[in-house]
Every structure is written in structure tokens, then in C-alpha cells.
Amino acid sequence: MLKLNRDHISLLLPTSGQDSTGTSSRKSLRRTWNQLSRFQRNIIFTVILAFFIMSFVLYSGLGDGHTEKTGHAGNRREQREVERPVREEVGAIEVILRPPDDADEASEIEPERTHRAEMDNPPTMAPAKAPTEEGPKVFSGPRNERQIAVVKAFQHAWSNYRTFAWGHDNLKPISQTHHDWFGLGLTIVDALDTMYIMNLRQEFDEARQWVDTGLSFEVNRDVNLFEVTIRVLGGLLSAYHLSGDQMFLVKAADLGNRLLPCFESQSGIPYSDVNLATLRAHSPKWSPDSSTSEVTTIQLEFRDLSRSTGDDIYEAVAHKVNEKIHSLEKRHGLVPIFINANTGMFRTFSTISLGARADSYYEYLLKQWLQTGKKDDDFLVDDYRVAIEGVIGELVRETPNEHHVYIGELINGKEFKPKMDHLTCYLPGTLLLGYKHGMPESHLKLAKDLLETCFQTYMKQPTQLAPEITYFNLHGESEKDIYVKSNDAHNLLRPEFIESLYYFYVITGNKTYQDMGWTIFNAFERHTRVKNGYTSIGNVKNVLNTRPRDMMESFFLGETLKYFYLLFSDDRKEIDIDQYVFNSEAHPLPIRSH
């Protein structure tokens, strides 16, 4: 079992129970040193090195006259500007002096085993050069009327969040108040890179200041590993890579350390929840099992954190989850939606779906392979290829009248149900991205068919907004090929279909996909925009009774409006998908070929 206390340094003074030599104190200090991450050690070594350089230079000038001292002081300033690792200027962790790899073995006293040493042959990853090392990425801002409209929508949402919910997770625009889920300012962190990409510098700078001084992870409450990873860790890392601001990386490393206790399970499958202050992790309170998508949708972020800081622990623990899932028996590559962190096994007779609780497992199989420049993790792309063939063979159906192609579910692993979550509409874009990188023609055909079906889930509704869940006519049980049940008629401002439209436009250049997105953007404007922001609605089936739900989720600013903005861009490489891979929360992370 991993022992992951990586975030606190305690200096213990001798007590009456210790000998006069302070042996216990020294042992405690050594134990604490060995528990620090490599990133934290780098900072300490840098400070010590700078201290010795300054002391040496000052000492060497003591015998000189006053005039010489003045001249040498100027030279010393110039020399320090050359020698010191100035993070603000280079934005790169690897320029900081690193201790030798065998530093632990040189210790006089056998140290407690570090978390890295307890891993079974973890990979050793040298930090790769990130785009930010060449300076912050520059964006020009909106260039056409559609992009301007999206920026205005963002500013409307943001200004009201700032007025009524600043520092809280979500805005409740109708009641003019806020909702906290984790107490981490989700909307601010989720929207950082959106503001940067839109070139909203004043808003970005204000948000950056809050992250620097107001965002604390010493929060005595349980948070969900998956949600905090894709929203907060992913948001901080993306802001770091786009802006080059080292503060975001320091915050990300702090959060990463606090999430590590989730991996203390016997199986290596992470627990779903952790208290960021007490560092206690556990399974969800409502079930002994975790969602499969949650434990398999953290790897992009943890890998990037390792390669940005030079500390391989984050990538190592996340990759062990990959290896464990890979080893489990599946149905034609398809995974059940629940897995137990203690046993490491899928729940027996669990549903198989491309929607909630499984969706991003398939997405991250492909994107992890792309993230490494297609040079690592071949077993993951093999699993992806097999899984999509399983989708085509097991889950794809076509309606009898209008011939809409859709993806259903297998209830208890065997009974087919003609139900598709809106979450599944991420898949056309992922399939096309895979086809761009060598996947077979069958993937392209499914991508096109499924994109059209997802579009129809919007167009078939009077509001031209899709419901959370859509049902399809399987054996003539309905007069309509596409129908919606009352309990599933809500729209949460989700981004998945806009994400797919973005990939189709960027990869093909066909502006038809921009027009489809513009139709949906205007539907959002008509039915979800309110005086103090945007709100999810409870009923897409009636334009006169949409039943506003008084909630603006952080992903509306972090994903939906970002994908709209990029979809409407005249420059298809505004974010170059050959250089960046988007995480499941639309935060771009750099592709690294080494």
C-alpha cells in the first residue's frame, strides 16, 4: 500500500523523551526530506545554490576598495542574471539544478521508502520541452461576427458570475447567488484558458490573481478525483502551458500531491473521493464501486503534471491504472460502467454504455497515445481500436423509418436498450480524430452517421436544444424514430456535440459544421440566456415552458463556449490539434514526442 504524505514539512524540536544529541529530530528531518517530491526538492536546492553563490561573491569583494566594490556589485548583478534559473523568463522546470538520482542512497540513515520506490518498476520520464518554454502563446481575439457573439456571451456569463458568485464553484443566475460543490472556485479555474484564448486579458489577469492568492487546497471536504482532475488540475496545467506563468504549475503540483492518496487502494484502482486537507481517500458513499470513466480519465493530466515538473510519481500511479484495466476481461473491448477499487474488478452484470460512467474511457485511450506523440502506450491504442469494433458490432443500431444511426446500451451486459446519452455525442469527433491518425474507414463512417444523429437530437426539439437522454425507435414501439421521455428532457448547457462539430470543422475545413453550430448557439441564446447569466433548463420540448433550473455549470464557460469560439474561428489552427490534445474538460495540453 502506498504511503502518500507529500505535502507538509514539520520541524520537530527535541523533547524530554529525546536524547541530547537530537537524534530523533534528525531522523524526523531526514524522513521529511525523503517524503518531499522531486519538484519540491528542486526548489530547495535552487534556493541553497543561490545562497552559496551570493555568499561567495560577497565574500570575494570584501578586500576591495569602495570604488571596486561598486563595480563588482554591478558585475554580480549581471552574473546572477545569467546564472540563476529564472523561472519567470524561461517557464521551464528542467533548468533548475537537480540532485543526483542516487541522493537517497547516500543518506547516512536508511530512509523511509518514498512513494516512487514503492512503485513496481515505475517508468522514469525526463521532462520534455513544452511549448511555453518558447514564451506564452499569443491569441489575437475574435476575428468575425460569430466569434464576437460568443465572446459577448462569455462576458455576460462571466460578469454575472463575478458579481454574484465570485470565488464559488457555480453561478445560480436566477436567484443571483452561488452553488458550491467542492469550494474550489470551479468556474474561475475552468474558464482560465477560455479567457486566454479569447484574448480577454483583463478578465484573465483578475482570475489569475484570485488563483494566486485566493485558491487554497486546504479544504476540509471530500472532492471527486475525476472532477477535480479534469476541471481544476487540467485547467491549471492548460493555463500554465498557454501563458507560461509558473504560478499555475506550482498550484497544479500542490493539488496533484493532495490527490495521490486516492491511489492507496490495494488494487491500484484509485478511490473516487479524497479530502484535500486530511488526505483521506475512500470509495463513493453511495456505492463500493467507482465509475469506470472516472478512474480512466485522469491520465492525460497526471502524465502532463509529471512531464511538466519532472516528478514521475503522478504519471506512474495513473499509468498503473491503465495497465490494470488493460489486463481485465472485456466484452469485445467494451467495459462495464462500474469498477471496485479494492478488488480491482468490474462489477458483475454491470451496464455497458458509451454514455455516463464510461464515455471518456474510450476517449482517453486514443488521446493518451496522441499525447505521447504516438510513441508510447501502444496497448492503449490497440484497446481503442478493438473497443470501437466492439461498439460497431454490439451497440450500433439504425432506426427503421428515418435510418438514424445511434449507439445504445447493454443492460446487465446483455439486454439492448435503444437509449443514448447526450454525453455520447463526443464520440463522432473522437472517431474522426482517430481516423486522422490511421484508424480504419469504418470509424469514419460511424463518425459521420453519428454526427448527423446527434444533430437531429437538437433539431427534432422545438427549442432546437438536445435533451440529456434520447430514445430511438427499435421495433416500431414508437411513432417517432427519435423521442424523449419527460424525465430526460433537460439540457445542462453541455458541450459534447459542439466538441464534435469542432473536430469535424478543424479536420475537414467544411464550413457546414460551423453553420450547424451557429444554429445551436442561437438556440442557447434564445432559451438559456437570462438577465444574470445562462441557466440549464428542464424541458427542451416546449418553447413556452422550458422550466429554467437556475444553474450555470462551470463547463459552460470552460468547454461549451470555448468550443463554439474555436468552431467559428477563421484559423483552423488557432489551437493546433497536431500540437495539443484536449482533455475531457476541453483544456488543451501539449503533445510531447519524447
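Every chain's residues receive numbers from 1 upward, in the order its sequence appears when written. Reporting in this predicted model follows two pLDDT cut-offs: at least 70 for local features of residues, and 80 or more for side-chain atom pairs to be given and counted; totals over whole chains, interfaces and linings ignore these cut-offs and use all residues. Working from all heavy atoms in the structure, the side-chain values ignore hydrogens and water.

Participant: Explain the overall build of the protein here, please?
Facilitator: Helical segments are the DSSP runs of H or I of at least four residues, strand segments are the runs of E of at least two, and each set is numbered from the N terminus. Looking only at helices and strands, the protein features 20 helices and 18 strands. For each residue, the accessible area found with a 1.4 Å probe, counting protein chains only, is set against the maximum for its type, and the residue is called buried under 20%, exposed over 50%, and partly exposed in between. Counting only residues that meet the buried cut, the protein has 57% of its 594 residues in that class.

Participant: What's the story with helix H6 (residues 145-164) in this structure? I'm lost.
Facilitator: Along an α-helix, residues three or four apart share an orientation, since each turn contains 3.6 residues. An expected span of 1.5 Å times one less than the residue number is assigned to each helix. In this model H6 runs 29 Å from its N-terminal to its C-terminal C-alpha over 20 residues, within 8% of the 28 Å that 1.5 Å per residue would give. Within the sequence span of H6, burial applies to Gln-147, Val-150, Val-151, Ala-153, Phe-154, His-156, Ala-157, Trp-158, Asn-160 and Tyr-161. Two N or O atoms form a polar contact when they lie within 3.5 Å of each other; inside protein one atom must be a possible hydrogen donor and the other a possible acceptor, and for residues adjacent in sequence the pair counts only when both atoms belong to side chains. Residue Asn-144 occupies the N-cap position of H6, its side-chain oxygen lying 3.1 Å from the main-chain nitrogen of Arg-146.

Participant: Got a minute to help me understand the sheet that holds strand E14 (residues 482-483) in this structure?
Facilitator: Sheet strands line up and pair through hydrogen bonds in the backbone, either parallel or antiparallel. If you walk across this open sheet you meet the three strands as E12-E13-E14, and the pairing is antiparallel. If you trace the sheet from one side to the other, it starts and ends with strand E12 (419-421) and E14, each paired once. Bridge count between strand E13 (residues 469-472) and E14: two bridges; the pairing is antiparallel. Bridge pairing links Phe-472 to Ile-482 in E14. Any two residues whose heavy atoms approach within 4.5 Å are treated as being in contact. Each axis is a line fitted through C-alpha atoms, and for a helix only the stretch in contact is used; angles between axes span 0 to 180 degrees, taken between their N-to-C directions. With respect to the sheet, helix H17 (residues 441-459) is in contact with E12, E13 and E14, its orientation differing from that of E12 by roughly 85 degrees. Note on pairing: two strands pair once DSSP finds at least 2 bridges between them.

Participant: Just checking my understanding: could you explain the packing of helix H7 (residues 186-197) against helix H20 (residues 554-567) for this structure?
Facilitator: Packed helices, taken two at a time, are described by their axes: the angle between them and the distance between them. Where H7 contacts H20, the axes come no closer than 7 Å and their chain directions differ by 15 degrees. Classified by the angle between their axes, H7 and H20 sit roughly parallel to one another. The two elements H7 and H20 cross, and the hand of that crossing is left-handed. On H20, the residues touching Leu-186, Thr-187, Asp-190, Ala-191, Asp-193, Thr-194 and Ile-197 of H7 are Ser-554, Phe-555, Leu-557, Gly-558, Lys-562, Tyr-565 and Leu-566. Polarity classes work like this: nonpolar for Ala, Val, Leu, Ile, Met, Phe, Trp, Tyr, Cys and Pro, charged for Asp, Glu, Lys and Arg, and polar for all others, with Gly in that last group. Tallied by class, the residues present in the contact of H7 with H20 amount to seven nonpolar, four polar and three charged. Each angle is binned into one of four classes, with values under 35 degrees roughly parallel, values over 145 roughly antiparallel, values of 65 to 115 roughly perpendicular, and all other values oblique. Each crossing gets its handedness from the near helix: less than a right angle anticlockwise from the far helix is left-handed, clockwise is right-handed.

Participant: How should the pattern of salt bridges be read in this particular structure?
Facilitator: Side-chain pairing between opposite charges can occur once the charged atoms of the two side chains come close. Throughout this description, the term salt bridge denotes a Lys or Arg side-chain nitrogen within 4 Å of a carboxyl oxygen of Asp or Glu. Summed over all chains, the structure comprises 24 salt bridges. A salt bridge links Asp-254 to Arg-258, with the nearest nitrogen and oxygen atoms 2.9 Å apart. Linking Asp-254 with Arg-258, this pair stays in helix H10 (residues 246-259), spanning four residues, or about one helical turn. The class of Asp-254 is partly exposed, set by a relative accessible area of 27%. Of the charged contacts in the structure, one is a salt bridge between Glu-525 and Arg-529, with a shortest N-O distance of 3.5 Å. Taken together, the shared-partner salt bridges connect Arg-208, Asp-212 and Asp-245 into one network.

Participant: Would you mind going over the packing of aromatic side chains with me for this structure?
Facilitator: Geometry of an aromatic ring pair is reported as the spacing of the ring centres plus the angle between the planes. To pair, rings of Phe, Tyr and Trp, with the six-membered ring standing in for Trp, must have centres within 6.5 Å; the planes then decide the type, stacked if under 30 degrees apart, edge-to-face if over 60, and tilted in the middle. All chains considered together, the criterion is met by 29 aromatic pairs. Measuring from ring centre to ring centre gives 5.6 Å for Trp-158 and Tyr-161, while their planes differ by 35 degrees; the resulting arrangement is tilted. Pair noted here: Trp-158 and Tyr-161 are both in helix H6, with a separation of three residues, about one helical turn. For the pair formed by Trp-158 and Tyr-161, the shared burial category is buried. Measuring from ring centre to ring centre gives 5.7 Å for Trp-158 and Trp-166, while their planes differ by 85 degrees; the resulting arrangement is edge-to-face. Judged by relative accessible area, which is 3%, Trp-158 ranks as buried. Looking at Trp-166, the relative accessible area reads 28%, which means it is partly exposed. Feature note: the residues Trp-518, Phe-521, Phe-524, Tyr-534, Phe-556, Phe-564 and Phe-568 constitute an aromatic cluster, connected by ring pairs. Both a distance and an angle decide whether a charge sits over a ring: NZ of Lys or CZ of Arg must be within 6 Å of the ring centre and within 35 degrees of the ring normal. Over the face of the ring belonging to Phe-416 we find Arg-397, whose NZ or CZ atom lies 3.9 Å from the ring centre.

Participant: Any chance you could explain the sheet that holds strand E4 (residues 273-275) here in plain terms?
Facilitator: Pairing in this open sheet of three strands is antiparallel, and the strands run E3-E4-E5 from one edge to the other. The open sheet has two free edges, formed respectively by strand E3 (222-224) and strand E5 (281-282), since each of these has just one partner strand. As defined by bridge partners, E4 adjoins E5 across two bridges and the pair is classed as antiparallel. Each bridged residue has a counterpart across the sheet, and for Val-274 the counterpart in E5 is Ala-281.

Participant: Where do I start with helix H8 (residues 201-214) in this structure?
Facilitator: Its 14 residues place the ends of H8 19 Å apart at the C-alpha level, agreeing with the 20 Å of an ideal helix rising 1.5 Å per residue. Turning to H8, its buried residues are Glu-203, Phe-204, Ala-207, Trp-210 and Val-211. The buried residues of H8 all sit within an arc of 120 degrees when viewed along its axis, so they share a single face. Of the exposed residues in H8, those oriented more than 90 degrees away from the buried face are Gln-202 and Thr-213. Directions drawn from the helix axis to the C-beta atoms are what define this arc.

Fair warning: the whole summary comes from geometry, so function is off the table for now.
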